[in-house]
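Chain and residue survey
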Amino acid sequence: MNGVKEKKKAGRATEVFKISFAAKSVNESFARSVVSAFASRLDPTVSELADLKTAVSEAVTNCIVHAYRDSRGKAEILLKGSVYADGRVVVEVKDHGCGIADVERAMQPLFTTDPAGERSGMGFTVMGAFCDGVKVRSRPGKGTTVVLTKRFGDCGA
Ligand SMILES: Nc1ncnc2c1ncn2[C@@H]1O[C@H](COP(=O)(O)OP(=O)(O)O)[C@@H](O)[C@H]1O
Ligand SMILES: [Mg+2]
């Protein structure tokens, strides 16, 4: 009985923030700083925090570069952060942009739709390498949500 209770406790977010901001490149560092400040309460190492910030940068950059490439008007990014009692941080990066038709393909290393060839196609790969979990939900024409999970205090065991 107690075990079930404990499990439930670990699964519940203890702290949450939600913000939205314009999908402009000037806000990429803003997003990194917000996540960094938020995640700091779990006392991560410098390198754990740097990993999370790198992954957030990639996800936010994708919203800025890809999500609203064909649209005019309000281009915004929603950022949500949660910390859990078991030391996990979960960051959601969401847009209401064009969406991704084939998520599996988009997540392959070196895949990019950038016609100018300025992108490396490694964004999702980097997110995967620097986080413990990356989930992508997307609907063409509706938008994309990237959910990044990072576990602090892991000693690789
Ligand atoms: N938020 C998003 N909205 C629409 N398309 C996206 C989004 N994020 C990623 N993509 C698509 O997935 C592809 C791969 O993304 P990524 O691995 O970050 O590589 P890159 O950004 O260098 O192209 C992008 O080229 C783009 O087609
Ligand atoms: Mg990218």
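Anyway, here's the lowdown on the structure attached to this text. (Residues numbered from 1 in each chain as written. Chains lettered and ligands numbered in written order. Predicted model: local features only at pLDDT ≥ 70, side-chain atom pairs only at ≥ 80, totals over all residues. Heavy atoms only, no water.)

**Topic: the sheet that holds strand β4 (residues 133–139)**
A sheet is described by the order of its strands in space; here 5 strands give the open sequence β1-β2-β3-β5-β4, paired in antiparallel fashion. Two strands close off the open sheet at either side, each with one partner strand: β1 (13–22) and β4. Going from strand to strand, the sheet's axes swing by 15 degrees on average, the running direction of each strand aside. Two strands pair when backbone bridges link them, and strand β2 (residues 76–84) and strand β3 (residues 88–95) are joined in this way by 7 bridges, in the antiparallel orientation. Bridging from a neighbouring strand, Gly81 pairs with Val91 of β3. In the packing of helix α2 (residues 26–39) onto the sheet, the strands contacted are β1, β2 and β3, and the crossing angle to β1 comes to about 170 degrees. (Pairing = 2+ DSSP bridges. Helix = DSSP H or I, 4+ residues; strand = E, 2+ residues; numbered from the N terminus. Axes fitted to C-alpha atoms, helices over the stretch in contact; angles between N-to-C directions. Contact = heavy atoms within 4.5 Å.)

**Here we look at the site of ligand 1**
Taken together, 19 residues lie around ligand 1, and His66, Asp95, Thr112, Thr113 and Gly121 are the ones closest in. Measuring from an oxygen atom of ligand 1, one finds a side-chain N or O atom of Asn62 at 2.9 Å. The contact in question runs from an oxygen atom of ligand 1 to an N or O atom on the backbone of Ser120, over 3.4 Å. Burial of ligand 1 by the protein chains amounts to 96% of its free accessible area of 530 Å². Of all the secondary-structure elements, those providing two or more residues to the shell around ligand 1 are α3 (46–67) and α5 (123–130). Per element, the largest residue contribution to the shell around ligand 1 is 3 residues, and it comes from α3. (Near = heavy atom within 4 Å. Polar contact = N/O pair within 3.5 Å; in protein donor to acceptor, adjacent residues only side chain to side chain. Areas by Shrake-Rupley, 256 points an atom, 1.4 Å probe, with all protein chains shown as cover.)

**Examining the packing of α3 against α5**
Packing of α3 against α5 brings their axes to within 9 Å, and their N-to-C directions diverge by 155 degrees. With respect to α5, the element α3 is oriented roughly antiparallel. Every pair of crossing elements has a handedness; the one defined by α3 and α5 is left-handed. Of α5, the residues touching α3 (which contributes Asp51, Thr54, Ala55, Glu58, Ala59 and Asn62) are Gly123, Phe124, Val126, Met127 and Phe130. For the contact of α3 with α5, the residue count by class is 6 nonpolar, 3 polar and 2 charged. (Parallel < 35°, antiparallel > 145°, perpendicular 65-115°, else oblique. Left-handed = near helix turned anticlockwise from the far one by under 90°. Nonpolar A, V, L, I, M, F, W, Y, C, P; charged D, E, K, R; others polar.)

**Quick look at unusual backbone geometry**
The phi angle at Asp43 is positive, at roughly 60 degrees, despite the residue not being glycine. Structurally, the position occupied by Asp43 is in the loop between α2 and α3. Under the relative-accessibility criterion, Asp43 is labelled exposed at 67%. Positioned with a positive phi, Leu110 is a non-glycine residue whose angle comes to about 75 degrees. Within the fold, Leu110 resides in the loop between α4 (103–106) and α5. (Buried < 20%, exposed > 50% of the residue type's maximum accessible area, 1.4 Å probe, protein only.)

Interpretation in functional terms is not warranted from these geometric data alone.
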